[in-house]
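Chain and residue survey
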Amino acid sequence: MASARSSGQPGPPPPPPRPPARLLLLLLLPLLLLLAPGAWGWARGAPRPPPSSPPLSIMGLMPLTKEVAKGSIGRGVLPAVELAIEQIRNESLLRPYFLDLRLYDTECDNAKGLKAFYDAIKYGPNHLMVFGGVCPSVTSIIAESLQGWNLVQLSFAATTPVLADKKKYPYFFRTVPSDNAVNPAILKLLKHYQWKRVGTLTQDVQRFSEVRNDLTGVLYGEDIEISDTESFSNDPCTSVKKLKGNDVRIILGQFDQHMAAKVFCCAYEENMYGSKYQWIIPGWYEPSWWDQVHTEANSSRCLRKNLLAAMEGYIGVDFEPLSSKQIKTISGKTPQQYEREYNNKRSGVGPSKFHGYAYDGIWVIAKTLQRAMETLHASSRHQRIQDFNYTDHTLGRIILNAMNETNFFGVTGQVVFRNGERMGTIKFTQFQDSREVKVGEYNAVADTLEMINDTIRFQGSEPPKDKTIILEQLRKISLPLYSILSALTILGMIMASAFLFFNIKNRNQKLIKMSSPYMNNLIILGGMLSYASIFLFGLDGSFVSEKTFETLCTVRTWILTVGYTTAFGAMFAKTWRVHAIFKNVKMKKKIIKDQKLLVIVGGMLLIDLCILICWQAVDPLRRTVERYSMEPDPAGRDISIRPLLEHCENSHMTIWLGIVYAYKGLLMLFGCFLAWETRNVSIPALNDSKYIGMSVYNVGIMCIIGAAVSFLTRDQPNVQFCIVALVIIFCSTITLCLVFVPKLITLRTNPDAATQNRRFQFTQNQKKEDSKTSTSVTSVNQASTSRLEGLQSENHRLRMKITELDKDLEEVTMQLQDTPEKTTYIKQNHYQELNDILSLGNFTESTDGGKAILKNHLDQNPQLQWNTTEPSRTCKDPIEDINSPEHIQRRLSLQLPILHHAYLPSIGGVDASCVSPCVSPTASPRHRHVPPSFRVMVSGL
């Protein structure tokens, strides 16, 4: 300045004098008061305290402006706050102080809320506590900085679960239960109705995700399964469909009311509503929220009636705004009395469901400050509570500890904090007929659930099941069906027993004897074993234990297999014997006894036993249970039936069945071959080929049909058992009837007809077959064997006629003996005429045989040689009278012996060597001597 002054230049003007700092503060104070709305004093509308009482300032942070949606919450709780402050002042709870609530509008904006908080700290008095916090974002920002200011905050409307983190928000409390507080209540509800399987459907918002995560932790270890967890952003239909696909019946939803309408529309489309489903969703939606979002629901093509139909019966879970108990609170009034005063106080202001928690919050602050004053008074520091500042960590800890000790009954119930969280009351409401009805409440302090009698209403006769109840039901064979088929089986066994009695009683009858009675007995035994297997096939798990059923698997297989082989093996063995006798053209003499047939049947059974023993040793049959797809309950109950069916199976069932079927098939083919080969045997008592063919045909067809139908109906045990039983009954019955009924009828009507030979048809057929081989000996062998029995009855009739002819011949001979001339005469050329006469006999065997007889006769009777007796007679006059007595005598002496010897041997009357007729027919050489070629012995026939 000196240089400036020396240069002659004018210097800078002197600075203006600074006003005093105190004067500046006084000038700016009105402006600051204007810039800090709500920092001007007490709660709006609250009575001003006496000037002599020192205030205890409380910072009130909440939205109040009408431009903010949640501003209605702040305006709605102010009447409740005023009532609480008045009552606290009237009771002189904080004497000599009074409660001074200073309100600051946060406008639910983070920046504005944070500014209001710092303005209150900087320009307002030293606030002992912070009351408020409605919007989660603003509340969480402020609550995180409280520890640095040693301020305790109490919220009445912030329910976000984020604020439950005590490490991050150690100085934050709330009188309203958090959203997570409903999870213990939900757990209690699930246990109450024994729902152990649930699914979750969550909107992709942090608030709902936090609740779902906490719910997962609550349910973990409680024997409740979260079978599916689905989330969505905008379209919930895909998630709803997945829940249905996973058979989720109890759905725990976390979404806002706008998404709730979409969720229920999707549920309607997927038919996830009604008696089988239960939806549990938040209950803090606005009243009649479904009407508010109906327009949005219509955009998804969901009608209002469809929406209401899907919503019917849902359960909402939310905190209880006011206690329902008729008990006086800390203010001396019941919750119902308080509610009336609140409604009168708010006049034109809209209600808020948080007003009860705000009312109790003021009382919590008052009681906390009271305990803090008592603590300060008891200490040796002689510190006053109004001396608190934001750096006083000790007094801040005293207030924090006093807050944790809060425990009284308020208008919202018992007010208790656990880790800063309110242990309140949770209510359950149910949507019934387009309105919400309270059905129960949960007391978090006592951990009890109280359901209001007869208020909850399920759409079914009982609460929905937590899943499709799968009732594993063993498919059993119907007892009436088993009884009917058993009765038919018993009738079949009685019939078989009757056939057995008939066979044993008539075993010595020629008809039965020729049909091999021992083999018939085996056929009956096989049929009865087949019948007996039906009883075993009908025994399942409803009659016997699992171990017994496994044993029956083997027993019934053995019985049916052995019975089949015994019956058809004996039948085929009989046919084989007939085939061996009548088809072996080179056989001269063969004896086939029943013992050999028994050996054949035993060999067949031995093959069966080898197969069955190997089957049992290598791969025995086991009891297996086959589970089929679920079926709806026929009675209409909310359950699904999973049919179970017992089977007898092993690892290589196909291979073993193939072996058995192949062996039985070969046995059937062998029987068909024998039946075909013996079809022309003309003795009915021996030839069963027609009946065997019919039996094989019926059994084969029925077995094929029965096996196919049984395979196709293996999931229906009644049908399968009925088919198997009827096939066995039919096959056994038809086989026994074809074998024994014809014999029974024949024995009663014409017992000899079955043993007679239908010789003409048989001889013609036999000659056609034997023309290709050596003819005469073979033909006589086979034809005579079958003709011997047939000729017996005819021979008996002819014997009497022979006797009469013998008498007549004897009389004629005696008459001739009285004539004087007994010599005979015949020319040599009469041999051909005699041979022609012999060849015309009805019962001669062949022309050569007649010649042999005649020659034998001439050899044994030399006196009848007609060429040398009286040669002089041949030279007489040929014109001699042929009717003279001499000529008549000569003709009789020649013709009678010739006719006698030519006729009688053919019918068994006389021998060709006899001079005169035999006296007795039994003395005939035809009866006494049978050439070896006729001796074919058939034992047991």
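Residues numbered from 1 in each chain as written. Predicted model: local features only at pLDDT ≥ 70, side-chain atom pairs only at ≥ 80, totals over all residues. Heavy atoms only, no water.

Looking at an unreviewed UniProt entry, the chain carries the name Gamma-aminobutyric acid type B receptor subunit 2, with the source organism given as Microcebus murinus. Per its UniProt entry, the chain bears the Subcellular location (unreviewed entry) comment "Postsynaptic cell membrane". (UniProt positions renumbered as here; feature names shortened; annotations may be inferred.)

Attention now goes to the sheet that holds strand S12 (residues 413–418). The sheet built from three strands is open, its strands ordered S11-S12-S13 with antiparallel pairing. Single-partner strands in this sheet number two, and they are strand S11 (407–410) and strand S13 (421–422). Where S11 lies against S12, four bridges are found, and the strand directions are antiparallel. Paired with Phe409 across the bridge in S12 is Gln414. (Pairing = 2+ DSSP bridges. Helix = DSSP H or I, 4+ residues; strand = E, 2+ residues; numbered from the N terminus.)

A few words now on the packing of helix H17 (residues 479–505) against helix H24 (residues 717–749). Contact geometry of H17 with H24 gives a least axis separation of 10 Å together with a crossing angle of 20°. Considering the angle they form, H17 stands roughly parallel to H24. The chirality of how H17 crosses H24 is left-handed. Residues belonging to the contact of H17 with H24 are distributed by class as follows: 19 nonpolar, four polar and one charged. (Axes fitted to C-alpha atoms, helices over the stretch in contact; angles between N-to-C directions. Parallel < 35°, antiparallel > 145°, perpendicular 65-115°, else oblique. Left-handed = near helix turned anticlockwise from the far one by under 90°. Nonpolar A, V, L, I, M, F, W, Y, C, P; charged D, E, K, R; others polar.)

To continue, consider the sheet that holds strand S8 (residues 250–254). Spatially, eight strands are ordered S7-S6-S8-S9-S10-S14-S15-S16 in an open sheet, and the strand pairing comes out mixed. Taken across any chain shown, the strands that pair with only one partner, and hence form the sheet edges, are strand S7 (225–232) and strand S16 (448–451). The mean angle between the axes of side-by-side strands here comes to 25°, regardless of whether they run parallel or antiparallel. Alignment of strand S10 (residues 315–319) against strand S14 (residues 425–432), held across five bridges, turns out to be antiparallel.

Here we come to a nonpolar patch on the surface. A grouping of Ile484, Leu488, Ile490, Leu491, Ile494 and Leu726 is seen on the molecular surface, where their side chains present a nonpolar patch of about 550 Å² in accessible area. For the nonpolar patch, the element with the most residues is H17, which contributes five residues. Here Leu491 is to be found in helix H17. (Patch = residues over 30% accessible without salt bridge, like charges linked within 9 Å, V, L, I, M, F, W, Y side chains within 5 Å. Areas by Shrake-Rupley, 256 points an atom, 1.4 Å probe, with all protein chains shown as cover. Salt bridge = Lys/Arg side-chain N within 4 Å of Asp/Glu carboxyl O.)

Counted under the stated rule, the structure contains 26 salt bridges. The partner of Asp318 in a salt bridge is Lys353, and the shortest N-O contact between them spans 3.3 Å. Taken together, the residues span a long stretch of sequence, with Asp318 in strand S10 and Lys353 in the loop between helix H14 (335–346) and helix H15 (355–378) at a distance of 35 residues. Residue Asp318 is classed as buried on the basis of its relative accessible area of 5%. Between Asp433 and Arg457 there is a salt bridge; the shortest N-O distance is 3.0 Å. One end of the pair, Asp433, is in the loop between S14 and strand S15 (435–443); the other, Arg457, is in the loop between S16 and strand S17 (469–474), and 24 residues separate them in sequence. The network of salt bridges with common partners includes Glu82, Glu86 and Lys345. (Buried < 20%, exposed > 50% of the residue type's maximum accessible area, 1.4 Å probe, protein only.)

Another aspect to go through is unusual backbone geometry. Across the junction of Arg95 and Pro96, the peptide omega takes the value 10°, indicating a cis bond. Positionally, Pro96 belongs in the loop between helix H3 (71–90) and strand S2 (98–105). The phi torsion at Gln194 lies on the positive side, around 60°, for a residue other than glycine. Along the chain, the position of Gln194 falls in the loop between helix H7 (182–192) and strand S6 (197–203). Residue class for Gln194 comes out exposed when judged on its relative accessible area of 63%. Even without glycine at this site, Asp433 takes up a positive phi of about 50°.

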